[in-house]
Amino acid sequence: MVFQSPALDKKLTVAENLLCHGHLYGLRGAELRGRIDDLLKTFGIADRAGERVEKLSGGLARRVELAKALLHRPGVLLLDEPSTGLDPGARRDLWDLLRGLRDVTVLLTTHLLEEAERCARVGILHQGKLVALGTPDVLRGEIGGEVVTLRSRDPVRLAENVKARFGLDAERGDGTLRLSREKGAAFAAEVVAAFPELVEAVSVAKPSLEDVFHARTREDWR
């Protein structure tokens, strides 16, 4: 059974939300009470069972939503940007809870690529099309090498100089250039030596899902 994370009735208590939801799926009596008790403990909200949802913080309300969604034990749980509106602490708690789920497949959407890094499998959509699909490691491996980021007060001029000297097209950002190279540190040193007046800072890192996203969604991607 596939189930999408449900909305909560803010005028009901936490327990009442779960009770009503259980009744919709034909759950009754001791079985329903047992499932509610177990989920309240699992999500750390047993002490909030008698509190109205409207008084809960965003993070606690998200816990109740997950408990409600899992009450009838679905095989697949659909979550649409579940961390939206949560502070960093609540977002971390949410992901800890999701990683702890057993016997359920979680399919979620997110615009935060650091969240996608935590998923077992990632798909990237661009203009309604699936342009990448695989584990984070496999997708990062498709980029290859290292990502060199050059910060400059004049990134346009630096990009032109890098193109003329090294024959490479750089991806321009907000005051930065990004390139993927096999030997990133050595290449960065060459650029700094060639154009010291244009380079303010340099960083070299392994490819991330952000780099995969940029590579697969560029207008010139083929």
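Residues numbered from 1 in each chain as written. Predicted model: local features only at pLDDT ≥ 70, side-chain atom pairs only at ≥ 80, totals over all residues. Heavy atoms only, no water.

Peer 1: Mind showing me how you'd approach the overall build of the protein chain here?
Peer 2: When helices and strands are tallied, the protein chain shows 9 helices and 9 strands. Taking the principal axes of the C-alpha coordinates as reference, the protein chain spans close to 75 × 30 × 25 Å. Every one of the 222 residues in the protein chain was classed for burial, and the buried ones make up 40%. Looking at the protein chain alone, contacts between residues at least 24 apart form 68% of all its contacts between residues at least 6 apart. Taken as two groups, the 34 positive and 34 negative side-chain charges of the protein chain have centres that lie 3 Å from each other. (Helix = DSSP H or I, 4+ residues; strand = E, 2+ residues; numbered from the N terminus. Buried < 20%, exposed > 50% of the residue type's maximum accessible area, 1.4 Å probe, protein only. Contact = heavy atoms within 4.5 Å. Lys, Arg positive; Asp, Glu negative; His and termini not counted. Charge placed at Lys NZ, Arg CZ, Asp CG, Glu CD.)

Peer 1: Looking at this model, I keep getting lost on helix α9 (residues 209-217). Mind explaining?
Peer 2: Given 3.6 residues to a turn, an α-helix orients residues that are three or four positions apart in the same direction. Buried within α9 we find Leu209, Asp211, Val212, Ala215, Arg216 and Thr217. Packing partners of the buried residues in α9 comprise α5 (113-116), β4 (122-126), β5 (129-134), α6 (136-143), β6 (146-151) and β8 (176-181).

Peer 1: What exactly am I supposed to notice about the nonpolar core here?
Peer 2: Soluble globular proteins tend to pack their nonpolar side chains together in the buried interior. Among the nonpolar cores identified, the biggest contains 41 residues, and Phe43, Leu77 and Leu98 are the most heavily contacted of them. Put simply, the parts of the chain that give this core at least two residues each are α1 (14-24), α2 (29-42), α3 (58-70), β2 (76-80), α4 (88-99), β4, β5 and α9. Among the elements that take part in this core, α3 stands out by supplying 7 residues, more than any other. Not counting residues within four places of it along the chain, the set of residues in contact with phenylalanine 43 comprises Arg63, Leu66, Ala67, Leu70, Leu97 and Leu101. Core analysis: the second largest hydrophobic core is formed by 14 residues, Ala159, Leu168, Ala188 and Val191 among them. (Core = buried A, V, L, I, M, F, W, Y, C linked by side-chain atoms within 4.5 Å.)

Peer 1: Before we go on, may I ask you to explain the environment of valine 138 in this structure?
Peer 2: With respect to the element layout, valine 138 can be found in helix α6. On the basis of relative accessibility, which here comes to 47%, the residue valine 138 falls in the partly exposed class. Residues valine 138 and arginine 121, 17 residues apart in the sequence, show an inter-C-alpha distance of 9.5 Å.

Peer 1: Even after reading the chapter, I still don't get the packing of helix α7 (residues 155-166) against helix α8 (residues 184-194), so can you show me in this structure?
Peer 2: When two helices pack together, their arrangement is captured by the angle between the axes and the distance separating the axes. Packing of α7 against α8 brings their axes to within 11 Å, and their N-to-C directions diverge by 110°. As summarised for this structure, α7 and α8 are arranged roughly perpendicular, according to the angle between their axes. Crossing geometry of α7 relative to α8 is assigned as right-handed. Packed against α7, whose contacting residues are Leu158, Val162, Arg165 and Phe166, the element α8 presents Phe187, Glu190, Val191 and Ala194 at the interface. For the contact of α7 with α8, the class distribution of residues is 6 nonpolar, no polar and 2 charged. (Axes fitted to C-alpha atoms, helices over the stretch in contact; angles between N-to-C directions. Parallel < 35°, antiparallel > 145°, perpendicular 65-115°, else oblique. Left-handed = near helix turned anticlockwise from the far one by under 90°. Nonpolar A, V, L, I, M, F, W, Y, C, P; charged D, E, K, R; others polar.)

Peer 1: It is not clear to me how the packing of α6 against α9 should be interpreted in this structure. Could you clarify?
Peer 2: At their nearest, the axes of α6 and α9 sit 9 Å apart, and the two run at 60° to each other. Considered as vectors, α6 and α9 are oriented oblique to each other. Viewed along their axes, α6 and α9 form a crossing whose handedness is left-handed. Each of Pro136, Leu139, Arg140, Glu142 and Ile143 in α6 lies in contact with α9, whose residues at this interface are Leu209, Asp211, Val212, Ala215 and Arg216.

Peer 1: I would appreciate a short explanation of the sheet that holds β8 in the present structure.
Peer 2: Note: strands within a sheet are paired through backbone hydrogen bonds, in either parallel or antiparallel orientation. Read from one edge to the other, the open sheet built from 4 strands follows the order β7-β8-β6-β9, with strand pairing classed as antiparallel. What marks the edges here is a single partner per strand, and that holds for β7 (171-172) and β9 (201-205). Of the strand pairs in this sheet, β7 and β8 are connected by 2 bridges, and their pairing is antiparallel. The residue bridging glutamate 171 from the neighbouring strand is arginine 178, located in β8. (Pairing = 2+ DSSP bridges.)

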